[in-house]
Structures are given as structure tokens and as C-alpha cells.
Amino acid sequence: QVQPVESGGGLGAPGGSLRLSCAASGLTFSRYTMRWYRQAPGKERELVAGIGIVSGSTNYADSVKGRFTISSDNAKNTVYLQMNSLKPEDTAVYYCNARRISSYMEYWGQGTQVTVSS
């Protein structure tokens, strides 16, 4: 019944930027670790970035380090993924994931398509 809602996907140019948003209303935000995943056609779903809401700690896939930044606005229960220096290989469906710290219960967004092409 709880579903994060992603927005901000679309067409980006190589070297350009996009910012994805994940609205997680209905969750007690501090009880979850928030993560972004992506899945490209023919590839496994991969973790892109994660953030601990209370600690503020972040982690990134090697492929996006230095280019992507995950952040949160705790008052709005919203997580962002700032995507800079886009590459064609960033093309994928991006999913927002909320994992409850105490139980590992997970909630998934519907996904938003990101296409990087000139």
C-alpha cells in the first residue's frame, strides 16, 4: 500500500544533468534507509546510491562516484538523486527503494525512465 513516487526522469544529453525526486510520504522517514536502483535492458538491477536518513551517510556505485549525489529533505520525506556528467550507459529505469531498518521491509517506486542520448 505504501509506494514511493519517483519523478524527474526523461531525456538527458551526454555531459548534462538531471535530478530525480522520490516522494516517500506515508513513511516515518527516519526509520528507513533510502536507495536508488537502476536497471538497464539485459542487465541486472544495480544499486546506484543510498543514504541513511539519520546519519546522513551515503554510498555510491563505483560507476557513478563523483557524478551523482544522493540527498534528502527530511521535512518533505523526499530523496533526490542529482545526476551530473551523464553518460549513455546511465540509461536505465531508476527506482526508489525504502528499506525499513528494523525489519528490512522494502517499498519500491514504479520507476522513472532516464535516457541519455544526444
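Structure first, text after, so check above.
Right, let's walk through the structure included here. (Residues numbered from 1 in each chain as written. Predicted model: local features only at pLDDT ≥ 70, side-chain atom pairs only at ≥ 80, totals over all residues. Heavy atoms only, no water.)

1. Considerations on the overall build of the protein chain
Part 1 of the reasoning: The helix and strand inventory of the protein chain stands at 0 helices and 11 strands.
Part 2 of the reasoning: The secondary structure elements of the protein chain, listed N-terminal to C-terminal, are β-β-β-β-β-β-β-β-β-β-β.
Part 3 of the reasoning: Reported as C-alpha extents along the three principal axes, the dimensions of the protein chain are approximately 40 × 25 × 25 Å.
Part 4 of the reasoning: Every one of the 118 residues in the protein chain was classed for burial, and the buried ones make up 40%.
Part 5 of the reasoning: Long-range contacts, defined as pairs at least 24 residues apart, comprise 55% of the intrachain contacts of the protein chain with a sequence gap of at least 6.
Part 6 of the reasoning: With the model as given, the accessible surface of the protein chain reaches about 6,200 Å², and the carbon-plus-sulfur share is 47%.
Part 7 of the reasoning: Here the protein chain carries 12 positive and 8 negative side-chain charges, and the mean point of each set is 5 Å from the other. (Helix = DSSP H or I, 4+ residues; strand = E, 2+ residues; numbered from the N terminus. Buried < 20%, exposed > 50% of the residue type's maximum accessible area, 1.4 Å probe, protein only. Contact = heavy atoms within 4.5 Å. Areas by Shrake-Rupley, 256 points an atom, 1.4 Å probe, with all protein chains shown as cover. Lys, Arg positive; Asp, Glu negative; His and termini not counted. Charge placed at Lys NZ, Arg CZ, Asp CG, Glu CD.)

2. Considering the packing of aromatic side chains
Part 1 of the reasoning: Counted under the stated rule, the structure contains 3 aromatic pairs.
Part 2 of the reasoning: Ring centres of Y95 and W108 lie 6.5 Å apart, and the angle between their planes is 80°; on these two criteria the pair is classed as edge-to-face. Of this pair, Y95 sits in strand 9 (residues 92–100) while W108 sits in strand 10 (residues 106–108), and the two are 13 residues apart along the sequence.
Part 3 of the reasoning: Cluster of aromatic residues (ring-pair linked, three or more members): Y37, Y95 and W108.
Part 4 of the reasoning: Here the basic side chain of R45 rests over the ring of Y37, its NZ or CZ set 5.4 Å away from the ring centre.
Part 5 of the reasoning: The ring of Y104 has R99 lying over it, and the distance from NZ or CZ to the ring centre is 5.4 Å. (Phe/Tyr/Trp six-rings, centres within 6.5 Å; stacked < 30°, edge-to-face > 60°. Lys NZ or Arg CZ within 6 Å of the ring centre and 35° of its normal.)

3. Re the environment of S72
Part 1 of the reasoning: Mapped onto the elements of the fold, S72 is located in strand 7 (residues 68–73).
Part 2 of the reasoning: On the basis of relative accessibility, which here comes to 27%, the residue S72 falls in the partly exposed class.
Part 3 of the reasoning: The spatial distance from the C-alpha of S72 to the C-alpha of M34 is 8.9 Å, given a sequence separation of 38 residues.
Part 4 of the reasoning: Among the polar contacts listed, one links the side chain of S72 to the side chain of N74, at a separation of 2.9 Å. (Polar contact = N/O pair within 3.5 Å; in protein donor to acceptor, adjacent residues only side chain to side chain.)

4. Structural notes on the pairing of strand 7
Part 1 of the reasoning: Relative to strand 8 (residues 78–83), strand 7 is paired through 6 bridges, and the arrangement is antiparallel. Each residue of the ladder has a partner; that of S71, found in strand 8, is Y80.
Part 2 of the reasoning: Connecting strand 7 to the antiparallel partner strand 8 that follows it, the hairpin turn spans 4 residues, and N77 within it adopts a positive phi of roughly 50°. (Pairing = 2+ DSSP bridges.)

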